[in-house]
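What follows is the residue order along each chain.
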Amino acid sequence: MGAEPLWRVELIEGCGERGTNCIWEAVRSTVRLIHVKTGQALRMSGKQLPQWGFNQHEVVTDRVIIQDDTVWNVEEHRYTKSEKEREKELLEAEMIPTEPTTLSFWSKFIELQWKMLVSGGGGGGESHSYSSYPSDWLFLSRGIAYWVANGNNAQIHLLGNPLLWLSATAFLFLNVALVFGHTLIRRRLLPSSPDHEWTLLKFQSGICAGGYLLTYVYHFCLDRTLFLHHYLPSYVFKVLLFVSTLQLLHRIAERKGLNSFFGLCLLVWFGGLIWAFVKFSPLSYGQPPLSREELEELRWRPNWDFIIQTSN
């Protein structure tokens, strides 16, 4: 079967009535590239090719034509400009340094803080291979790749300790259930926990859950690209809520005479926490490099997109 290289360019903006007077302008115009034979549109897949593909972004075709990822534009076309114009642009352009740039810790810190402040503020919700929705953050459905080595699978991802993350989420729902249950019991004047426990539960839940909701819920209203690191302020409040709920459970276990059982459960959980920390430390610190099989073993969620460059 021969190749079918014929594509149709459809201008989304810049055409007059009934598709007449179409002018394709750099930057301003947006287009779709439709494969004539199949009728499918070219789009970004959101994945990056390995080293044999020069780490370029992967493009595929999709039967669903009307979507944001099928919209393209052209920023510039050098070859319609004169030689002097091209030389001037090259001299004024920001060049990629030929040698590694050495920055101090504080220089890197200030640069990253500035990038976080100024990036992504334009709105529009552009897609990104590691972007995520606020609903993904509760159960750590998506991570972020920060660094990958050349020639091996050493890489750094924002995942942290998944066991602690999921435990804090579980205790978030447990805290809501405890507050609701205590409120219902006290409303019906049934025997419940002492007043000082109830007061402490209301105070800690109000502070921690209030801070959590204040820093988390508003993300659902934002029309911009979001990443897992936007959840970190909420995660701090969630961990504080986790500790306060654990303290309440300890008080209940102490009152019921279940101290030994509670201590055993806590010891098992803490051992699992250390195990998860050691297991995921190569993705937190970038060392040592892992093989393909070891990376696949760490993929607890299907949407954790680890970058696999070699089979070693």
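Residues numbered from 1 in each chain as written. Predicted model: local features only at pLDDT ≥ 70, side-chain atom pairs only at ≥ 80, totals over all residues. Heavy atoms only, no water.

**A look at helix H7 (residues 259-285)**
The end-to-end C-alpha distance of H7, which contains 27 residues, comes to 37 Å, matching closely the 39 Å that a straight helix rising 1.5 Å per residue would cover. Remark: the principal bend of H7, roughly 45°, maps to Lys279, with a proline, Pro282, within the next four residues. Within H7, burial applies to Phe262, Gly272, Leu273, Ala276, Phe280, Ser281, Pro282 and Leu283. Those residues of H7 hidden inside the fold are in contact with strand E6 (155-157), helix H4 (162-187), helix H6 (232-256) and helix H8 (292-298). Gly286 occupies a position one or two residues after H7 and carries a positive phi of about 80°. (Helix = DSSP H or I, 4+ residues; strand = E, 2+ residues; numbered from the N terminus. Expected span 1.5 Å × (residues − 1). Bend = angle between axes of the 7 residues up to and from the residue. Buried < 20%, exposed > 50% of the residue type's maximum accessible area, 1.4 Å probe, protein only. Contact = heavy atoms within 4.5 Å.)

**Things to note about H6**
Here H6 spans 36 Å end to end across 25 residues, near enough to the 36 Å set by a 1.5 Å rise per residue. Buried within H6 are the following residues: Ser234, Tyr235, Lys238, Leu241, Phe242, Ser244, Thr245, Leu246, Leu248 and Ala253. On its buried face, H6 is in contact with H4, helix H5 (195-216) and H7.

**Remarks on a nonpolar patch on the surface**
On the surface, Phe270, Ile274, Phe277, Val278 and Tyr285 cluster together to form a nonpolar patch covering roughly 540 Å² of accessible area. Mapping Ile274 onto the fold places it in helix H7. For Ile274, a relative accessible area of 45% translates into the label partly exposed. (Patch = residues over 30% accessible without salt bridge, like charges linked within 9 Å, V, L, I, M, F, W, Y side chains within 5 Å. Areas by Shrake-Rupley, 256 points an atom, 1.4 Å probe, with all protein chains shown as cover. Salt bridge = Lys/Arg side-chain N within 4 Å of Asp/Glu carboxyl O.)

**Some details on the confidence of the model for the chain**
In this model, the chain carries an average pLDDT of 80, and 81% of its residues clear a pLDDT of 70 or more. Across the chain, the element-wise mean pLDDT spans from 60 in helix H1 (residues 83-92) up to 92 in H7. (pLDDT = per-residue confidence, 0-100.)

**Digging into the side chain of Asn153**
Examined against the element boundaries, Asn153 turns out to sit in the loop between strand E5 (145-148) and E6. A distance of 3.1 Å separates a polar atom in the side chain of Asn153 from the backbone oxygen of Leu290. (Polar contact = N/O pair within 3.5 Å; in protein donor to acceptor, adjacent residues only side chain to side chain.)

**What to know about the nonpolar core**
In terms of nonpolar packing, the biggest core is built from 26 residues, with Leu228, Tyr231, Leu283 and Phe306 touching the most fellow members. Elements with a contribution of two residues or more to this core: H4, H5, H6, H7 and H8. Looking at this core, the element that brings in the most residues is H5, giving three residues. (Core = buried A, V, L, I, M, F, W, Y, C linked by side-chain atoms within 4.5 Å.)

**Points about the environment of Val74**
Assignment of secondary structure puts Val74 in the loop between strand E4 (57-62) and H1. The class of Val74 is partly exposed, set by a relative accessible area of 32%. Once residues lying within four places of it in the same chain are set aside, the contact partners of Val74 are Trp24, Ala26 and Val27.

**Brief notes about the side chain of His157**
Secondary-structure assignment places His157 in strand E6. Look at His157 and you get buried, because its relative accessible area is 5%. Once residues within four sequence positions are removed from consideration, His157 is found in contact with Tyr130, Ile144, Ala145, Leu283, Ser284, Asp305, Phe306 and Ile307.

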